[in-house]
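Chain and residue survey
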Amino acid sequence: MLGAGAMGCLFSQQLISAGCSVTLLLRNSPDTAAGNIRIDTHNSSRQLPVKLDAATGQEPLDKLLICTKAPDVHSAMRSVLHRITPATPVVLAANGMGFAQAVLELLPSNPVYCCTTTEGAYRLGTRHIRHAGRGITRLGSLRNEQAPGWFADWAAPPLSCVWESDINAAMWHKLAINCAINPLTALHRCHNGELGRDPVLRSQVNTLCDEIAAVSHACGYTETAVTVHSAVAAVIADTAENRSSMLQDVEAGRTTEIDFITGFLVREAERLNVNTPANRALLEEVTQIDH
Ligand code: KPL
């Protein structure tokens, strides 16, 4: 597992609880071979031991799960390239779209998968996270393969992951929701719920959704085109107290995922001659405050 952020720690804990052997690969050499992952929920706190190894280590990897931010996927992949064979399965679990192509080119014959999740988790410290809300994780092949044998570990509790035959459509649906919520919350430094309460922001969300629906339709993602307005309203209501991942990145001075969220949507729109002025304006504004 590469990436010990909120999702990396959550997936590690869930896989370990399902009986899998997990090693966290650290890009700064670890000084010990083991550590703990601490997971807090609203009423509990749990520590689980986890194996640690330097990404630069030599032992071949059985499988690789990359849970970094989208801008870091490519460099993360390159950092462990020497440890994988042409048959090693690789799972990419970043937000947004547009990061997988470079990995597919680097690994022309490996089984490569993407996963998208609505689990809510945020980082409290080094390998210490808060699991704020249960969600659904969907996993599917980028090379049109069937579910592999090891997927049984992912489908079992506590992960309860669902196999997705069209993972691009599932990722696009999540991207559509992120396009409508994340940039506005990052710019206005507000909780997700504010987008439903403030009339000006609510109308901006509606305009963004109109454009997202048009691009979804042009891309052939008809279900997202039809449901994006109601899906976004439901996520805003369900996650009203959340600070979006993009707002957290801005506040922490990290590079945001804007280029892999709104940037990807706007590039698809350009390719298909769909106008997206509201999304384009947000892309420019967030890019200006990005690090
Ligand atoms: O995925 C999210 C994010 O913050 O990245 C949402 C769904 C907007 C929840 O905060």
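Preceding this section is the structure that the text describes.
Described in the following lines is the structure provided in the data block. (Residues numbered from 1 in each chain as written. Predicted model: local features only at pLDDT ≥ 70, side-chain atom pairs only at ≥ 80, totals over all residues. Heavy atoms only, no water.)

With mixed pairing, 5 strands are arranged side by side in an open sheet as β4-β5-β6-β9-β10. Edge positions in the sheet fall to β4 (64–66) and β10 (162–163), since each of these pairs with one other strand and no more. On top of the sheet, helix α1 (residues 6–17) reaches β4, β6 (112–117) and β9 (137–141); it is set at about 100° to β6, its chief contact. (Pairing = 2+ DSSP bridges. Helix = DSSP H or I, 4+ residues; strand = E, 2+ residues; numbered from the N terminus. Contact = heavy atoms within 4.5 Å. Axes fitted to C-alpha atoms, helices over the stretch in contact; angles between N-to-C directions.)

Let's shift gears to the pairing of β9. Burial analysis of β9 places 4 of its 5 residues in the buried class, which makes it a mostly covered element. Here β6 pairs with β9 via 5 bridges, running antiparallel. Considered in β9, the bridge of Thr-117 is made with Thr-137. (Buried < 20%, exposed > 50% of the residue type's maximum accessible area, 1.4 Å probe, protein only.)

Viewed as axis vectors pointing N to C, helix α5 (residues 167–188) and helix α8 (residues 222–238) meet at an angle of 55°, and their least axial separation amounts to 9 Å. Classified by the angle between their axes, α5 and α8 sit oblique to one another. Along this stretch, α5 crosses α8, giving a crossing that reads as right-handed. Note on element contacts: α8 touches α5 through Thr-224, Thr-227, Val-228, Ala-231, Val-232, Val-235 and Ile-236, opposite Trp-172, His-173, Ala-176, Ile-177, Ala-180 and Ile-181. (Parallel < 35°, antiparallel > 145°, perpendicular 65-115°, else oblique. Left-handed = near helix turned anticlockwise from the far one by under 90°.)

Okay, the nonpolar core next. In this structure, Leu-64, Leu-92, Phe-99 and Val-232 are the most contacted members of the largest nonpolar core, which totals 63 residues. Top element by residues in this core is α5. It accounts for 12 residues. Sequence-distant contacts of Leu-92, that is, excluding residues within four places in its chain, are made with Ile-66, Val-73, Phe-99, Ala-100, Val-103, Val-112, Tyr-113, Cys-114 and Cys-115. Judged by nonpolar contacts, the second largest core, of 29 residues, contains Leu-10, Ile-37, Val-50 and Trp-150. (Core = buried A, V, L, I, M, F, W, Y, C linked by side-chain atoms within 4.5 Å.)

The sheet built from 5 strands is open, its strands ordered β1-β3-β2-β8-β7 with mixed pairing. The sheet is open, and its two borders are formed by β1 (23–26) and β7 (120–125), each paired with just one other strand. Strand-to-strand twist in this sheet, taken as the mean axis angle between neighbours without regard to direction, amounts to 35°. Judged from the 7 bridges that link them, strand β2 (residues 34–40) and strand β3 (residues 45–54) form a sheet pairing that is antiparallel. By the bridge assignment, Arg-38 is partnered in β3 with Gln-47.

Going through the model one piece at a time under the given rule, you end up with 12 salt bridges. Of the charged contacts, one joins Arg-138 and Glu-164 as a salt bridge, the two residues approaching to 3.3 Å between their closest N and O atoms. Here Arg-138 is found in strand β9, whereas its partner Glu-164 is found in the loop between β10 and α5, with 26 residues between them in sequence. When salt bridges with common partners are traced through the structure, they connect Lys-69, Asp-249 and Arg-254 into a single cluster. (Salt bridge = Lys/Arg side-chain N within 4 Å of Asp/Glu carboxyl O.)

Two elements in contact, α5 and helix α11 (residues 277–289), have axes whose closest approach is 10 Å; the angle formed by their N-to-C orientations is 45°. With respect to α11, the axis of α5 lies oblique. Where α5 crosses over α11, the two elements pack in a sense that is left-handed. In this structure, α5 contributes Cys-179, Pro-183, Leu-184, Ala-186 and Leu-187 to the contact, and α11 contributes Asn-279, Leu-282, Glu-285, Val-286 and Ile-289. Its residues assigned to classes, the contact of α5 with α11 shows 8 nonpolar, 1 polar and 1 charged. (Nonpolar A, V, L, I, M, F, W, Y, C, P; charged D, E, K, R; others polar.)

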